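Chain residues, written in single-letter form:
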Amino acid sequence: MNPFLLLTETTADGGADTARLIIEYVIYAAIIVVGLFILALLRRAGKLPKHAELKKQFSSLSDDLKAFARTAASLTRYQFFRRVTKLLYRAEKLEFTATQISDKERDGDIGTAATKIENARDLLAPYKFGRRDSADLGGISEAADKIDEAISIIDQILARDAELKARRAKKA
């Protein structure tokens, strides 16, 4: 039988229906609270980083590339492949993030930094697919240089942000 019809029926024991309704409403409220909590977590996870955080991510990738270039000769083929794959993944993720920030803020400078990261990723890709081996590390150093160029662009953006903040403070 339909549970909604059961709610409309009157029974001799009105307290049992009231208790059941209260329990149902408490369960509905708990489901709504859990749903709002999950939505808040999803919003936080999808939030784009600030310019300073973006620079830290760029610097971290650059440092990891330089460290990889120093130790690449001593790695086995499998270890080399795994490290290159991780670096490629980080570069792609960073490129996506920078592109998203560029689109959101409509800032061509961040778009230029995203393009530099894309160029670095393109320089790393042949190492993953075996077109270049661990003896030829020129592409890795070029990729690190491209990321350093992107870091200098982000530094200019941070300087511009500080200048704009100072202007706003001066006007207020």
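None of these values were measured; they are calculated from a predicted model.

Novice: Just to check I follow, could you spell out the overall build of the protein chain for this structure?
Specialist: Regarding its fold elements, the protein chain presents six helices and zero strands. Ordered by position in the sequence, the α and β elements of the protein chain form the string α-α-α-α-α-α. Split into buried and exposed, the 172 residues of the protein chain put 25% on the buried side. Contacts in the protein chain between residues far apart in sequence, at least 24 positions, make up 69% of those at least 6 positions apart. For the protein chain, the accessible area works out to roughly 11800 Å², and carbon and sulfur atoms hold 59% of it.

Novice: Help me understand the packing of aromatic side chains in this model?
Specialist: One pair of aromatic rings is described through two measures. These are the centre distance and the angle between the planes. Under the criterion given, the structure shown has three aromatic pairs. Ring geometry for Tyr25 versus Tyr28: centroids 6.3 Å apart, planes at 75°, classification edge-to-face. One end of the pair, Tyr25, and the other, Tyr28, are both in helix α2 (residues 14–45), three residues apart, so they sit about a helical turn from each other. Classification of Tyr25 by relative accessible area gives exposed; the value is 56%. Members of the aromatic cluster, joined through ring pairs, are Phe68, Phe80 and Tyr127.

Novice: What am I meant to see in helix α5 (residues 108–128) here?
Specialist: Along an α-helix, a turn takes 3.6 residues, which lines up residues three or four apart on a common side. Under the 1.5 Å per step criterion, the end-to-end length of α5 is 30 Å for 21 residues, consistent within 8% with the ideal 30 Å. Listing the buried residues of α5 in full gives Ile110, Ala113, Ala114, Ile117, Ala120, Arg121, Leu123, Leu124, Ala125, Pro126 and Tyr127. Structurally, α5 contributes buried residues whose contacts are with α3 (51–71), α4 (77–105) and α6 (138–171). The N-capping residue of α5, defined by a side-chain oxygen 3.1 Å from the backbone nitrogen of Asp109, is Asp107. Among the residues trailing α5, Gly130 stands out with phi positive, at a value near 80°.

Novice: Looking at this model, I keep getting lost on the pattern of salt bridges. Mind explaining?
Specialist: A side chain of one charge can pair with a side chain of the opposite charge when the charged atoms of the two come close. Taken as a whole and assessed by the stated rule, the structure comprises 13 salt bridges. A salt bridge links Arg20 to Glu24; the nearest nitrogen and oxygen atoms lie 3.5 Å apart. Highlighted residues: Arg20 and Glu24, both in helix α2, separated by four residues, approximately one helical turn. Arg20 gets classed as partly exposed once you look at its relative accessible area, which sits at 33%. A salt bridge links Asp122 to Arg121, with the shortest nitrogen-to-oxygen separation between them at 3.5 Å. One network of salt bridges, in which partners are shared, links Glu95, Glu118, Arg121 and Asp122.

Novice: Could you clarify how one ought to interpret the nonpolar core in this entry?
Specialist: Nonpolar side chains tend to gather and get buried jointly when the protein is soluble and globular. Core analysis: the biggest nonpolar cluster contains 33 residues, and Phe58, Leu65 and Phe68 have the highest contact counts within it. When contributions to this core are tallied by element, the ones reaching two or more residues are α3, α4, α5 and α6. If we ignore the near neighbours within four places in the chain, the residues touching Phe68 are Leu75, Phe80, Arg83, Val84, Leu87 and Ile140.

Novice: How do you make sense of unusual backbone geometry when you look at a structure like this?
Specialist: Notably, Arg106 is not glycine yet its phi reads approximately 55°, a positive angle. Mapped onto the fold, Arg106 is located in the loop between α4 and α5. We classify Arg106 as exposed; its relative accessible area is 77%.

Conventions used here
Residues numbered from 1 in each chain as written. Predicted model: local features only at pLDDT ≥ 70, side-chain atom pairs only at ≥ 80, totals over all residues. Heavy atoms only, no water. Helix = DSSP H or I, 4+ residues; strand = E, 2+ residues; numbered from the N terminus. Buried < 20%, exposed > 50% of the residue type's maximum accessible area, 1.4 Å probe, protein only. Contact = heavy atoms within 4.5 Å. Areas by Shrake-Rupley, 256 points an atom, 1.4 Å probe, with all protein chains shown as cover. Phe/Tyr/Trp six-rings, centres within 6.5 Å; stacked < 30°, edge-to-face > 60°. Expected span 1.5 Å × (residues − 1). Polar contact = N/O pair within 3.5 Å; in protein donor to acceptor, adjacent residues only side chain to side chain. Salt bridge = Lys/Arg side-chain N within 4 Å of Asp/Glu carboxyl O. Core = buried A, V, L, I, M, F, W, Y, C linked by side-chain atoms within 4.5 Å.

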